[in-house]
Amino acid sequence: MYSEQVLDHFRHPRNVGYFEDAEGAAQIGDPSCGDYLFFFIRVRDQHITAARFLCRGCPAAIACASMTTELVTGRHVDDAWEITEEVIEDALGGLPEEKRHCSNLGAAALRVALMDWATRPSDGEAPDGQEDNDG
Ligand code: FES
């Protein structure tokens, strides 16, 4: 039923945990099944340097969240938007038809975390391509 990759990420989920001081955070719930996912990213110089997750869900949801952390780590924030449900599912070798919606949790949580990061007040770093002209 599940691919080897799904079973591996379910049995040995990567990057479980959280960052209290994450640059971006998300809480996603799937009303259809009551599962949820908390997702956290660290961002330095426009790159996601680390990701963590906490998940209550089925094996597919946990595997998708785990894979999402692996796919996103090291990416430029602009490229991270390209990690869609399909990308996550493909990286896991596919999902059973009735479990395909589970990849929504990981992809949606990543998008919300990216939006959270993008809309936070600047920590003093000038955005790329802009000078800090405060004088
Ligand atoms: Fe709810 Fe998989 S069944 S996320």
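It should be noted that the structure appears before, not after, this text.
Reading the values: rules and limits
Residues numbered from 1 in each chain as written. Predicted model: local features only at pLDDT ≥ 70, side-chain atom pairs only at ≥ 80, totals over all residues. Helix = DSSP H or I, 4+ residues; strand = E, 2+ residues; numbered from the N terminus. Buried ≥ 20, exposed ≤ 12 C-beta atoms within 10 Å, placed from the backbone. Contact = placed C-beta atoms within 7 Å. Axes fitted to C-alpha atoms, helices over the stretch in contact; angles between N-to-C directions. Left-handed = near helix turned anticlockwise from the far one by under 90°. Nonpolar A, V, L, I, M, F, W, Y, C, P; charged D, E, K, R; others polar. Parallel < 35°, antiparallel > 145°, perpendicular 65-115°, else oblique. Expected span 1.5 Å × (residues − 1).

A.B. asks: Looking at this structure, I do not really get the overall build of the chain. What am I missing?
C.D. replies: Within the chain, the regular secondary structure consists of five helices and three strands. From first element to last, N terminus to C terminus, the chain shows the α and β order α-β-β-β-α-α-α-α. Buried residues in the chain amount to 34% of all 135 residues. Long-range contacts, defined as pairs at least 24 residues apart, comprise 62% of the intrachain contacts of the chain with a sequence gap of at least 6.

A.B. asks: Which parts of the structure should I look at to understand the packing of helix 2 (residues 59-72) against helix 5 (residues 103-119)?
C.D. replies: Describing two packed helices takes the angle between their axes plus the distance from one axis to the other. One can describe the packing of helix 2 onto helix 5 by two numbers: an axis separation of 7 Å at closest approach and a directional angle of 40°. Of the two possible hands of crossing, helix 2 and helix 5 adopt the one that is right-handed. Touching Ala61, Cys64, Ala65, Met67, Thr68 and Val72 of helix 2 are Ser103, Leu105, Gly106 and Leu110, all from helix 5. Tallied by class, residues from the contact of helix 2 with helix 5 come to seven nonpolar, three polar and no charged.

A.B. asks: How should the packing of helix 1 (residues 4-11) against helix 2 be read in this particular structure?
C.D. replies: Running from N to C, helix 1 and helix 2 cross one another at 85°; their axes reach a closest spacing of 8 Å. Judged by the angle between their axes, helix 1 and helix 2 are roughly perpendicular. Together, Val6, His9 and Phe10 of helix 1 and Pro59, Ala60, Ile62, Ala63, Ser66 and Met67 of helix 2 make up the contact between the two elements. Its residues placed into classes, the contact of helix 1 with helix 2 shows seven nonpolar, two polar and no charged.

A.B. asks: Looking at this structure, how should I read helix 5?
C.D. replies: Residues lying three or four places apart along an α-helix face the same way, a consequence of the helix completing one turn every 3.6 residues. Its 17 residues give helix 5 an end-to-end C-alpha distance of 25 Å, which sits within 8% of 24 Å, the value for a rise of 1.5 Å per residue. When we look at burial in helix 5, the residues that qualify are Ser103, Leu105, Gly106, Ala107, Ala109, Leu110, Ala113, Leu114 and Trp117.

A.B. asks: Even after reading the chapter, I still don't get helix 2, so can you show me in this structure?
C.D. replies: If you check helix 2, its first and last C-alpha atoms are 20 Å apart, about what 14 residues at 1.5 Å a residue would give, namely 20 Å. Burial within helix 2 is extensive, with 12 of its 14 residues counted as buried. Looking at helix 2, one finds that the buried residues are Ala60, Ala61, Ile62, Ala63, Cys64, Ala65, Ser66, Met67, Thr68, Thr69, Leu71 and Val72. Where helix 2 is buried, its residues contact helix 1, strand 2 (35-44), strand 3 (47-56), helix 3 (77-80), helix 4 (85-91) and helix 5. Positive phi shows up at Gly74, right after helix 2, with a value of about 95°.

A.B. asks: How do you make sense of the environment of Asp45 when you look at a structure like this?
C.D. replies: Relative to the assigned elements, Asp45 resides in the loop between strand 2 and strand 3. For the pair Asp45 and Val77, spaced 32 residues apart in the sequence, the C-alpha separation amounts to 9.3 Å.

A.B. asks: Sorry, what's going on with the environment of Phe39 here?
C.D. replies: Checked against the element boundaries, Phe39 lands in strand 2. Sequence separation between Phe39 and Ala51 is 12 residues; the distance between their C-alpha atoms is 7.3 Å.

A.B. asks: Even after reading the chapter, I still don't get the environment of His101, so can you show me in this structure?
C.D. replies: You can see His101 is positioned in the loop between helix 4 and helix 5. Accessibility expressed as a C-beta count within 10 Å gives 15 for His101, which makes it partly exposed. Spatially, the C-alpha atom of His101 lies 9.8 Å from that of Glu89, the residues being 12 residues apart in sequence.

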